[in-house]
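Overview (structure and organization)
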Protein chains: 2
Amino acid sequence: MLKDRFIADIIASKESLVGGRVRVCGWAYRIRDLGRLKFILVRDRSGVIQATVKRGESPEDALRAAEDLKLESVVCVEGELRQAPTREGVEVKVERLEVLSTPVEPLPLEVEGSEKASLPTRLKYRWLDIRNPMVSAIFELEAMVAKVFRDYYWSQGFVEIFTPKIVAAGTESGAEVFPVVYFDKTAFLAQSPQFYKQFAVIAGLERVFEIGPVFRAEPHHTSRHLNEYHSLDIEVGFIESYNDVMNYVEGFMRAIVRMLEEDGRRVLELYGVELPRIPASGIPKIPLRKAYEILEEKYGKKVEYGEDLDSEGERLMGAYAGEELDSDFVFIVEYPWKVRPFYTMRKDDEPSWTYSFDLLYRGLEIVTGGQREHRYHRLLENLRDKGLDAESFQFYLDFFKHGAPPHGGAGMGLERIVMQTLKLENIREARMLPRDTERITP
Amino acid sequence: MLKDRFIADIIASKESLVGGRVRVCGWAYRIRDLGRLKFILVRDRSGVIQATVKRGESPEDALRAAEDLKLESVVCVEGELRQAPTREGVEVKVERLEVLSTPVEPLPLEVEGSEKASLPTRLKYRWLDIRNPMVSAIFELEAMVAKVFRDYYWSQGFVEIFTPKIVAAGTESGAEVFPVVYFDKTAFLAQSPQFYKQFAVIAGLERVFEIGPVFRAEPHHTSRHLNEYHSLDIEVGFIESYNDVMNYVEGFMRAIVRMLEEDGRRVLELYGVELPRIPASGIPKIPLRKAYEILEEKYGKKVEYGEDLDSEGERLMGAYAGEELDSDFVFIVEYPWKVRPFYTMRKDDEPSWTYSFDLLYRGLEIVTGGQREHRYHRLLENLRDKGLDAESFQFYLDFFKHGAPPHGGAGMGLERIVMQTLKLENIREARMLPRDTERITP
């Protein structure tokens, strides 16, 4: 390797390294040329450090290389680490400067402060935008959230599964799927791993999780939707009720908050946001029918009885939870049958309502889940009741013919969790390479 | 939850649990009816345990439920855990038997011994096949391999990325992509995250990994190919040479062997296979041009100079490494430029050959990797040399315009690693729900 450590590691060990020789590789982030003295701020994924080239101190070829250096060139510098009045308290006295790569065209976007450019420009030159430490921090957080997800569910006895993304039928509704030309067959991109995570539970794996891409052919363009995103999915067999599923969701949310407390302080500060709050008594649960009342009485917002919340309703319920319940999270439970998919289990005593929930995080839905109908004949009834053709779901119905345990699960949006944690304005900021109605590149 | 622990946990703690009451939930795996005495073998993901229903000892309703019980019904049994002459040394004296789900149709495939049925039948009734502990063990191993992958690269300073699967151009060659109807655009399913893992390195994340689905529209039907599989990908910036990449690949292989040693003994025994061998001196590296000689001299197999190895050549080189070098793994290095993709870096001194490698595991290619061309003008030349249209790769070329570090990486087939570890005959056995020219369901 051309580098044996990251800049942050050098700075963290500066006490023991000062006076010794170090080697730093990264990009030329800032260059200050004072003639005889040149300061190069070298940036890598972990941080920045000043490299100082000085006539009479640095060799001739390093001086010449520094002379011609362009911003965002890839460099390795070597030399003594010494104390200096920089933010890091140290600098590298350059004894060797190698330029590994030089831009062949002027930069179309300045890395420093790129977050202030327009989002379309940032997404167009995303490889420059992400070099900005403000932006790469988003993706490092995203990786941490994924890690916390797997570690938490692994610790709870879940098995990771890898389900097909090429499928024969949509999960949710026929209209919002992308067709795939699959040899001589008609196939679609999976809108969610719903059918196959249920499959895995019924196939005896009992508790499963998956992180994978999902595809939604929704033509509308909002700041909260992507046409391709990563979904964090769980499915659990042998539940007593959908409260068991909510417990597993809450466990994960608590694990995220712990991670943010321990390792996320830097990114929270960078974005000026507070640690999300979960009451010690647990994430509050509010039945949707109660939410109708709260919205009307407290916010003068009328939601038709039996209808879903719109995004304003979710935002207001998020505000309510934050102000009245001291929680950045709130479960809304028992959605109407008519707004939930056919595989949802209906309430025994009130079949117009379901054992289902959404989790709102700072007023945005980040999780949808519930108990699934595992009884074959009930599933058939559900399909009929939705006016769906049992024939096209027969491959799914077959799973339920030979012993299926009661089960439930949830799907969570990775980018939405990150977006709400950092209070980003647009979900595209939390997706490295978003796909929407306008974008299939870069 | 209806169950608070897995059967294996009960058996592992049997000393302290015997004499107390336990609750077990799972599937009725085997039923032996001796009239007054009925033995139900209950199976969950972790193991099996005998539940004994006896007239005069168990209540009437449990007796009746046992009378009608069908194989693969989902049950919960409760009662005293007592010593018994079973394989596990214990049994549950049934005081309560709940049947949660009963098959609505006869079983089209017997769970026990399902591995002896034909593969098409197994794949057709995969939810029954996977209940077979022989089969579920494959998928538990697969999850472990994925975990080892992430843990290892995480420990080496890699960041997880989530790249788009909907792309504007194929990575490898135009012919083998699945077209997607993406609004009013022509798009494709990604054959690999190649372009975007390079993107992430150039965007400053430096070392990245991803586990995700990849899609290959290859119409041929072999026991080693899938049209959709999960790829384990890494990409590393600031490499000195492609040996750095091979070191990272070897580190992962060693981590797999360690995991198998520590937690994989059971599955290795189940399949009657030995722990894979890696010599202490490292995985051997054999230049392809040397492999030509070995194949001809030792096995009488002639490979045209400058051509790729076919599957027989790989198998023989695997045998050679196993017999002569005491290794189940062997790197074949320096492939010809003409058989490698345009983004491969050519050797400085021999431009007909490349800084590339394959890793063979027991004679099957499980990893492909190498150093990538990071110099913009060289990339253009490479495209021209391959007769490819630079225009359609412009979105990719743009990444290289503003400072790109030397980098390389590798793509590894998750299912192939599992297949070779257990010496499975067909890669479909290592994929929960394979997609091939014939299958888009279940």
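Residues numbered from 1 in each chain as written. Chains lettered and ligands numbered in written order. Predicted model: local features only at pLDDT ≥ 70, side-chain atom pairs only at ≥ 80, totals over all residues. Heavy atoms only, no water.

**Brief notes about the domain arrangement of chain A**
When cut into domains, chain A gives domain 1 (7-101) and domain 2 (129-429). For domain 1 of chain A versus domain 2 of chain A, the distance between C-alpha centres works out to 47 Å. (Domains from an automatic or database assignment.)

**Looking at the nonpolar core**
Most often, soluble globular proteins have nonpolar side chains that are buried together. By size, the foremost hydrophobic cluster in this structure holds 100 residues, and its most contacted members are A:Phe252, A:Met253 and A:Met412. In terms of residue count, the dominant contributor to this core is helix α6 (residues 133-155) of chain A (13 residues). In this structure A:Met412 touches A:Phe149, A:Tyr153, A:His230, A:Ser231, A:Leu232, A:Ile234, A:Val249, A:Phe252, A:Met253, A:Ile366, A:Val367 and A:Ile417, once residues within four positions along its chain are discounted. Counting residues in hydrophobic clusters, the runner-up holds 99 residues, among them A:Ala169, A:Leu383, B:Val148 and B:Met246. (Core = buried A, V, L, I, M, F, W, Y, C linked by side-chain atoms within 4.5 Å. Buried < 20%, exposed > 50% of the residue type's maximum accessible area, 1.4 Å probe, protein only. Helix = DSSP H or I, 4+ residues; strand = E, 2+ residues; numbered from the N terminus. Contact = heavy atoms within 4.5 Å.)

**Here we look at the interface of chain A and chain B**
The interface of chain A with chain B comprises 105 residues on the first partner and 105 residues on the second. Regarding the contact of chain A and chain B, the summed buried area is about 9100 Å², with carbon and sulfur atoms giving 68% of it. When the area that chain A buries against chain B is broken down by residue, the three leading residues are A:Met1, A:Phe162 and A:His402, summing to 10%. For the pair chain A and chain B, the number of links is six salt bridges. For the salt bridge of B:Glu206 with A:Lys3, the shortest nitrogen-to-oxygen distance reads 2.7 Å. Counting across the interface, chain A meets chain B through 46 residue pairs in polar contact (both at pLDDT 80 or more). Of all the elements, α6(A) adds the most residues to the side of chain A that touches chain B, at nine residues. When the residues that make up the side of chain A that touches chain B are grouped by side-chain class, the tally is 63 nonpolar, 16 polar and 26 charged. (Buried area = accessible area lost by both parts, 1.4 Å probe. Salt bridge = Lys/Arg side-chain N within 4 Å of Asp/Glu carboxyl O. Polar contact = N/O pair within 3.5 Å; in protein donor to acceptor, adjacent residues only side chain to side chain. Nonpolar A, V, L, I, M, F, W, Y, C, P; charged D, E, K, R; others polar.)

**Structural notes on the relation of the copies chain A and chain B**
Mapping chain A onto chain B calls for a screw motion: a turn of 180° about the axis and a shift of 0.0 Å along it, with 0.0 Å RMSD after fitting. Considering both components of the superposition, the chain copies are consistent with a two-fold axis. Nearest to the rotation axis, the C-alpha of A:Val180 is located 2.3 Å from it, this being the minimum over chain A. The fraction of interface residues of chain A whose copies in chain B are also interface residues reaches 100%, indicating that both copies meet through the same surface. (Least-squares fit on C-alpha atoms with pLDDT ≥ 70 in both.)

**Observations regarding the pairing of strand β10 (residues 207-215) of chain B**
All names here are of chain B. Of all the nine residues making up β10, nine are buried; the element is thus mostly covered by neighbouring parts of the structure. Summarising the sheet, strand β6 (residues 159-160) and β10 pair through two bridges and their orientation is parallel. When the bridges of β10 are listed, Glu160 appears paired with Phe209. In terms of strand pairing, β10 meets strand β11 (residues 228-237) through nine bridges, oriented antiparallel. The residue of β11 that forms the bridge with Arg207 is Val236. (Pairing = 2+ DSSP bridges.)

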